[in-house]
Amino acid sequence: MAKKRTYLILFGAQGSGKGTQARLLQEKLSVPQVATGDLFRMHLSQGTELGKLAKSYMDRGELVPDSVTVAMVQDRLLQPDAAKGVILDGFPRNLAQAEALDQMLAKWGAGVAAAVYLLLARDELMKRITGRRTCKQCQAVYHVMFNPPQVEGVCDRCGGEVIQRADDADEAAVARRLDIYFEQTTPVIEYYRGKRLLKEIDGSLGIEQVQAVTLVAIRPKPARKAARKPRVAKKPAKKSSAKRVSAKKAPARKAVKKTVKKAVVKKSTAKRTTKKSPRK
Ligand code: AP5
Ligand code: MG
Ligand code: ZN
């Protein structure tokens, strides 16, 4: 009894809004967020060996070794709440992880549905990272200016303490994380572009707008079937009612298309961004 599973990937540099969007999307898509950074931080707070190992890499802004990360993700995807799929936030981060994910999903008769890429300029990324605050308990994400909690230092969701992440406080480590991102994660973007699964989104929009545009970008498009119908049905009476319906719906559709057109980044811009990354 193979069930349909949804595996959505959220890409983007540090601070681009993956965590923020994943948390909103999990309610809309009814599948949980799986954030590798959150999982490492959870292990760390529980004092596990994996947490201690991860910390040594995270503090330097480097990637935790693939063998450890892939095993942790596989373990998470096998949990009962992930049976219908997940939203992957921060994984895969290099080609080896992308291939490992494909192999993992293929074993279960599944595959990646879409890879959403949130694009944002480097100076904006720095602003977002340095102003970010995170709930110690439930990992909810806030920003001192763009998205502050209602009561300073207290999480809106669980009442936990809202703090600055250790790796956000060190500017040198933040800069290093961005360098590593552009070096190692850019080839993964091309990997999913080659598979025609990449959806490029303007991450500089507001939180709600990014969410709306993302939902439209990942939605399957059934429009073609509907467009063919009037050509087949020639009866005049039906033709006039069909016209009335489409005339009513047209402005709404146009408005959505307009927002998406603005926010989904043109391929040429994206290619320019990826060319900047150093090659090994
Ligand atoms: P991880 O926790 O994944 O951190 P990251 O990749 O550095 O990404 P961030 O969490 O910093 O950014 P985000 O895109 O989630 O942005 P957010 O939504 O918070 O990884 C940490 C470390 O773990 C890594 O350095 C590595 O060592 C290790 N690791 C993780 N995954 C790994 C893997 N696969 N392999 C190996 N190692 C791995 O938003 C940022 C801020 O902006 C927030 O304050 C938010 O409120 C605000 N904001 C968000 N969206 C908007 C918006 N639209 N407008 C205004 N403000 C916004
Ligand atoms: Mg995050
Ligand atoms: Zn909380």
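Keep in mind it's a predicted model, so treat the numbers as computed, not measured. (Residues numbered from 1 in each chain as written. Chains lettered and ligands numbered in written order. Predicted model: local features only at pLDDT ≥ 70, side-chain atom pairs only at ≥ 80, totals over all residues. Heavy atoms only, no water.)

### Brief notes about the site of ligand 1
For clarity, the cut-off: The nearness test applies per residue and asks whether one of its heavy atoms lies within 4 Å of the molecule or strand. Polar contact is defined as a pair of N or O atoms within 3.5 Å, subject to the rule that within protein one atom must be able to donate a hydrogen and the other to accept it, and that residues adjacent in sequence are counted only when both atoms are side-chain atoms. Calculation of accessible area relied on Shrake-Rupley with a 1.4 Å probe; when residues are assessed, cover is drawn exclusively from the protein chains displayed. Only DSSP runs of H or I reaching four residues or more are called helices, and only runs of E reaching two or more are called strands; each is numbered from the N terminus. Polar here means any residue outside two lists: the nonpolar Ala, Val, Leu, Ile, Met, Phe, Trp, Tyr, Cys and Pro, and the charged Asp, Glu, Lys and Arg; Gly therefore counts as polar.
Looking at ligand 1, there are 34 residues lining it, with Gln-14, Glu-62, Arg-93, Arg-132 and Tyr-142 nearest. Tyr-142 is positioned such that a nitrogen or oxygen atom in its backbone is 2.6 Å from an oxygen atom of ligand 1. Interatomic distance of 2.8 Å between a backbone N/O atom of Leu-205 and a nitrogen atom of ligand 1. In isolation ligand 1 offers 1000 Å² of accessible surface; the protein chains occlude 97% of this area. Secondary structure elements with two or more residues in the shell around ligand 1: helix 1 (18-29), helix 2 (36-46) and strand 6 (141-143). Top contributing element to the shell around ligand 1 by residue count: helix 2, with 4 residues. Of the residues that constitute the shell around ligand 1, the class distribution is 11 nonpolar, 14 polar and 9 charged.

### A word on the pattern of salt bridges
The line we're drawing: Salt bridge criterion: a side-chain nitrogen from Lys or Arg within 4 Å of a carboxyl oxygen from Asp or Glu.
With the rule as written, the count across this model stands at 17 salt bridges. Its salt-bridge partner being Asp-81, residue Arg-76 comes within 2.8 Å of it at the nearest N-O pair. One salt-bridge network, held together by shared partners, links Arg-132, Arg-165, Asp-167, Asp-168 and Arg-177.

### Some remarks on the coordination of the zinc ion (ligand 3)
Selection rule: In this analysis a donor is any N, O or S atom within 2.8 Å of a metal ion (3.2 Å for sodium, potassium and calcium), and since water is not included, sites may seem incomplete. Categorising residues by exposure relies on relative accessible area from a 1.4 Å probe, with only protein chains included: less than 20% of the type maximum marks a residue as buried, more than 50% marks it as exposed, and the intermediate range marks it as partly exposed.
Taken together, Cys-135 (SG), Cys-138 (SG), Cys-155 (SG) and Cys-158 (SG) make up the full set of protein donors to the zinc ion (ligand 3), lying 2.3 to 2.4 Å away. A relative accessible area of 33% means that Cys-158 is categorised as partly exposed.

### Concerning the packing of aromatic side chains
Heads up, the rule is: When the centres of two rings from Phe, Tyr and Trp lie within 6.5 Å, Trp using its six-membered ring, the rings pair. Their planes under 30 degrees apart give stacked, over 60 give edge-to-face, and anything left gives tilted. Here, a charge over a ring is recorded when the distance from Lys NZ or Arg CZ to the ring centre is within 6 Å and its angle to the ring normal is within 35 degrees.
Applying the stated criterion across every chain, the model contains 3 aromatic pairs. Relative to Tyr-192, the ring of Phe-11 lies with its centre 5.7 Å away and its plane at 50 degrees, an arrangement referred to as tilted. Of the two residues, Phe-11 sits in strand 1 (residues 6-12) while Tyr-192 sits in helix 8 (residues 171-194), which places them 181 residues apart along the sequence. Ring geometry for Tyr-191 and Tyr-192: centres 5.1 Å apart, planes at 85 degrees, overall edge-to-face. Considered together, Tyr-191 and Tyr-192 belong to a single accessibility category, that of buried residues. Stacked on the ring of Tyr-57, the Lys or Arg Arg-60 has its end atom at 5.3 Å from the ring centre.

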